[in-house]
Amino acid sequence: MPRVDEVEAHQVSPERATVTFATGARAEVAKGTTVLRAAQQIGQEIVATCGARGRCRSCRVQITDGPAPPATLADHVQLGDDEIRDGYRLACQAEIWNDLSVAVAPIFEETAFQILADTQTLRSAAGLTLDSGIVKRFACVPPSDGETELDSDVDALLRRGDTDVTDIALEALRRLPALVRPAPDGRTPGGVTLALFDRQLLAVEPGDTRGEAYGMAFDIGTTTVVGYLVDLQGGAVIATASGLNPQAAFGGDLISRIAFAQQSAGNVRHLRARILRLLNQQIEETCDDAGVARDRIYKVVAVGNTVMHHLFLGINPASVGQAPYAPTIRRSLRIAASDAGLRLNPSTPVFLLPIVAGFVGADAVAMILSTRLDQRDEPGIAADIGTNGELVLGDGGRLLACSAPAGPALEGAQLSSGMRATRGAIDQVWLDRAVRYHVIGGGAPAGICGSGILDALAALLDAGIVEPSGRLLPAPAARLPEALGGRVTTDPDGLSAFVLVPSRESATGRDIVLTQGDIRQVQLAKAAIRSGITVLQRLTGTPDERVAELLLAGGFGNYLNIRSAIRVGLIPPLPEGRVRYVGNAAGLGAQMALVSETERRRADGLARQVRHISLAAHPGFQDIFAGAMRFG
């Protein structure tokens, strides 16, 4: 029987309180802990797209029992009076001072994502040679009495397969006896196939499997992840899988994820486990779609920005978020699938392309690889526009690169009616005498994604409703049709807002609006991208008229309207014929490195060739950034 003092020690301390979730999960925490932090401590899922800064609605919860915490300013801005009266709070803002019961509010279901997973360009990539490094040899199993007693099974097989190796995978050795020794019933084994890479014996397989050799390429983005199953012998992409990066629950931008990782080593493991779960799901999905066995995947190449690269490896990315923003490793890396956490043949080599510096990661190297930016005679700029924008200027073999932390605003996050490019999102907007729009998947709109926001801003600039400074006029000019002028209203802060879709026409029963605060968020994001391009141009003496081509890469870059991008000043005012979509350039570069050892080794040289530019340290950057805040 426990002593009295032992019973008292297990009672809740006066300085602690308990929060119980509708799922049955319970957390006892120090008073003053936010509901979000309590949920994270016990693994209760709550999405916090803005990184717990009170700038979005994704972590909304309802207090179902106990006194609701006082509503903060962020609660009022994001939720409104009606939801606050109904007991809703932002989990990142709600502090626990008493025992509470909460229900996590469901976010709008996101389906039919616009994730770029194009596959049609791999075999036509300029100068690409298929030399994956994977070699398969067929060998007849030697008869038991045909070799000297000093021979081993391996020696006999390698000699018959005319193959020399310097390393043998342990798993291959473990499988070997069952493949080369007579069966208990006396049946003689047939031939076997040896799978090799770089003089390492990766696998021994029964029968003749020389026609089966596959690899996986991954583009691990901050927001989205795409996996490609590739036939290494023919160079064809035979299946793809894509999805949202599940780490986004802990912040839509890189800084938020770095901050979460810094809190504890357990958080780093948690973030790594999330991405590995998705990658393994994509391996399974693509193999099932193509009818390919996972043990026929012999090589993997992964690319991503520096933070995604580190988290995939289970490395704390804290150093990337602090000056001088140095990664733990820059060079390319080869590890075994078992160490990488991928459910494949344990010895399958997994390659990570090199990092340039700071936030210019392996995905930027892959983009240079696929666009041949280093081989251009005239200046060209490649821009992967996303949560972390990566910009590269190439001119006669000279390469300069920088990162532009645009944040998730251009992908619809942290905006009043913003959402990802999924079913129900407005992705195109135009004005005539009324507001016209296109909705992904059709039906009533639930919000607006990044490409739609740029279209809306461009249209409002043309209509004179938004000034070049970014000011949304409270009283539109008299020349505007009443259908447009009547859409100007005020947000909860008393600032001007434009109603794109009234509540009666939306899927959520709420107005879909563009507020003055939203415009400022977009200004900051687009100024980061544009100022990065301007700095690269100035350092190389490349005015707009000398830019032969601007290449738009990545999911957001390939869905935006070029005219709208130029109108709002996201990209330089080039003739539209000199701006070109290049698809998922990072994903294509990863595929090229997968099917070609020549290209993979070339990536190492490219990373060393790139001159990294730190925008914050560039003289005059603040003035350039301030100028880039203006629209047009």
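Note: the structure precedes this text.
Rules used throughout
Residues numbered from 1 in each chain as written. Predicted model: local features only at pLDDT ≥ 70, side-chain atom pairs only at ≥ 80, totals over all residues. Heavy atoms only, no water. Core = buried A, V, L, I, M, F, W, Y, C linked by side-chain atoms within 4.5 Å. Buried < 20%, exposed > 50% of the residue type's maximum accessible area, 1.4 Å probe, protein only. Helix = DSSP H or I, 4+ residues; strand = E, 2+ residues; numbered from the N terminus. Contact = heavy atoms within 4.5 Å. Pairing = 2+ DSSP bridges. Patch = residues over 30% accessible without salt bridge, like charges linked within 9 Å, V, L, I, M, F, W, Y side chains within 5 Å. Areas by Shrake-Rupley, 256 points an atom, 1.4 Å probe, with all protein chains shown as cover. Salt bridge = Lys/Arg side-chain N within 4 Å of Asp/Glu carboxyl O. Lys, Arg positive; Asp, Glu negative; His and termini not counted. Charge placed at Lys NZ, Arg CZ, Asp CG, Glu CD. Expected span 1.5 Å × (residues − 1). Axes fitted to C-alpha atoms, helices over the stretch in contact; angles between N-to-C directions. Polar contact = N/O pair within 3.5 Å; in protein donor to acceptor, adjacent residues only side chain to side chain. 1 Å grid on protein atoms, 1.4 Å probe; cavity = no way out; pocket = protein on both sides within 12 Å on 5 of 7 lines; lining within 4 Å. Points joined across faces, edges and corners; volume = space filled by probe spheres on them.

Draft legend 1. The nonpolar core, seen in detail. Residues Ile385, Leu410, Phe498 and Leu570 are the most contacted members of the largest nonpolar core, which totals 65 residues. Top element by residues in this core is helix H13 (residues 516-540). It accounts for 9 residues. Every residue in contact with phenylalanine 498, bar those within four places of it in the chain, is listed here: Val435, Leu460, Ile465, Leu472, Leu484, Arg487, Val488, Ile512, Val513 and Leu514. Core analysis: the next-biggest nonpolar cluster, separate from the first, contains 48 residues, Ile134, Ala217, Met367 and Leu373 among them.

Draft legend 2. Main features of the pairing of strand S12 (residues 237-244). Pairing of strand S11 (residues 224-231) with S12 involves 7 bridges; the strand directions are antiparallel. By the bridge assignment, leucine 229 is partnered in S12 with alanine 239. Counted along the chain from S11 to the antiparallel partner S12, the turn is 5 residues long, and its residue glycine 235 has a positive phi close to 80°.

Draft legend 3. The arrangement of helix H6 (residues 254-263) in detail. Turning to H6, its buried residues number three or more, namely Leu254, Ser256, Arg257, Ile258, Phe260 and Ala261. Contact partners of the buried residues in H6: helix H2 (35-42), helix H7 (265-290) and helix H8 (306-313).

Draft legend 4. Expanded view of a negative patch on the surface. Among the surface-exposed residues, Glu284, Glu285, Asp288 and Asp289 lie close enough to one another that they form a single negatively charged patch. On the secondary structure map, aspartate 288 appears in helix H7.

Draft legend 5. Looking closely at H7. With 26 residues, H7 extends 38 Å between its outermost C-alpha atoms, agreeing within 8% with the 38 Å of an ideal straight helix rising 1.5 Å per residue. Remark: glycine 291 follows H7 within two positions and exhibits a positive phi of approximately 70°.

Draft legend 6. Region of the structure containing the sheet that holds strand S3 (residues 60-65). As summarised here, the arrangement of the 5 strands in space is S2-S1-S5-S3-S4, forming an open sheet in which the pairing is mixed. Among the strands making up the open sheet, the edge pair consists of strand S2 (26-30) and strand S4 (88-90). Put simply, the sheet's adjacent strands are angled 35° from each other on average, direction ignored. Packing against the sheet, H2 makes contact with strand S1 (16-21), S2 and strand S5 (100-104), and its axis sits at approximately 120° to S2. Running over the sheet, helix H3 (residues 73-85) touches S3 and S4 and is turned about 170° from S4.

Draft legend 7. View of the environment of valine 61. Take valine 61: it is sitting in strand S3. The sequence separation of valine 61 and valine 102 amounts to 41 residues, and the corresponding C-alpha distance is 6.4 Å. Once residues lying within four places of it in the same chain are set aside, the contact partners of valine 61 are Ile46, Gly87, Tyr88, Arg89, Ala91, Ala103, Val104 and Ala105.

Draft legend 8. Molecular detail of the sheet that holds strand S24 (residues 512-515). The 3 strands are arranged S22-S23-S24 in an open sheet whose pairing can be described as antiparallel. Edge positions in the open sheet fall to strand S22 (488-490) and S24, since each of these has one partner strand only. Across this sheet, the average inter-strand angle for adjacent strands is 45°, counted without regard to direction. Sitting on the sheet, helix H11 (residues 450-463) is in contact with strand S23 (496-501) and S24, with an inclination near 65° to S24.

Draft legend 9. Examining the pairing of strand S19 (residues 425-431) more closely. Across 2 bridges, the pairing between S19 and strand S21 (residues 447-448) is parallel. What sits directly across from isoleucine 426, in S21, is isoleucine 448. Here S19 runs beside strand S20 (residues 435-439); their pairing, made up of 5 bridges, is antiparallel. From the neighbouring strand, isoleucine 426 faces S20, where its bridge partner is valine 439. Hairpin geometry of S19 and S20 is characterised by an intervening segment of 3 residues between the two adjacent antiparallel strands.

Draft legend 10. Just the side chain of serine 596, in detail. Within the fold, serine 596 resides in the loop between helix H16 (585-595) and helix H17 (597-609). For serine 596, a relative accessible area of 0% translates into the label buried. Polar contacts involving the side chain of serine 596 include one to the main-chain carbonyl oxygen of threonine 129, which spans 3.1 Å. Of note is the side chain of serine 596, whose polar atom sits 2.8 Å from the side chain of aspartate 131. What serine 596 contacts, discounting residues up to four positions off in sequence, is Leu128, Thr129, Asp131 and Ser132.

Draft legend 11. Region of interest: the layout of surface pockets. Each pocket or cavity is described by its volume, and for the second largest pocket that value is around 890 Å³. Forming the walls of the second largest pocket are 31 residues, and the residues nearest its centre are Ile255, Ser403, Pro405, Ala406 and Ala528. Secondary structure elements with two or more residues in the lining of the second largest pocket: H6, H13 and helix H18 (621-628). Ranked by the residues each element gives to the lining of the second largest pocket, the list is headed by H13, at 5 residues.

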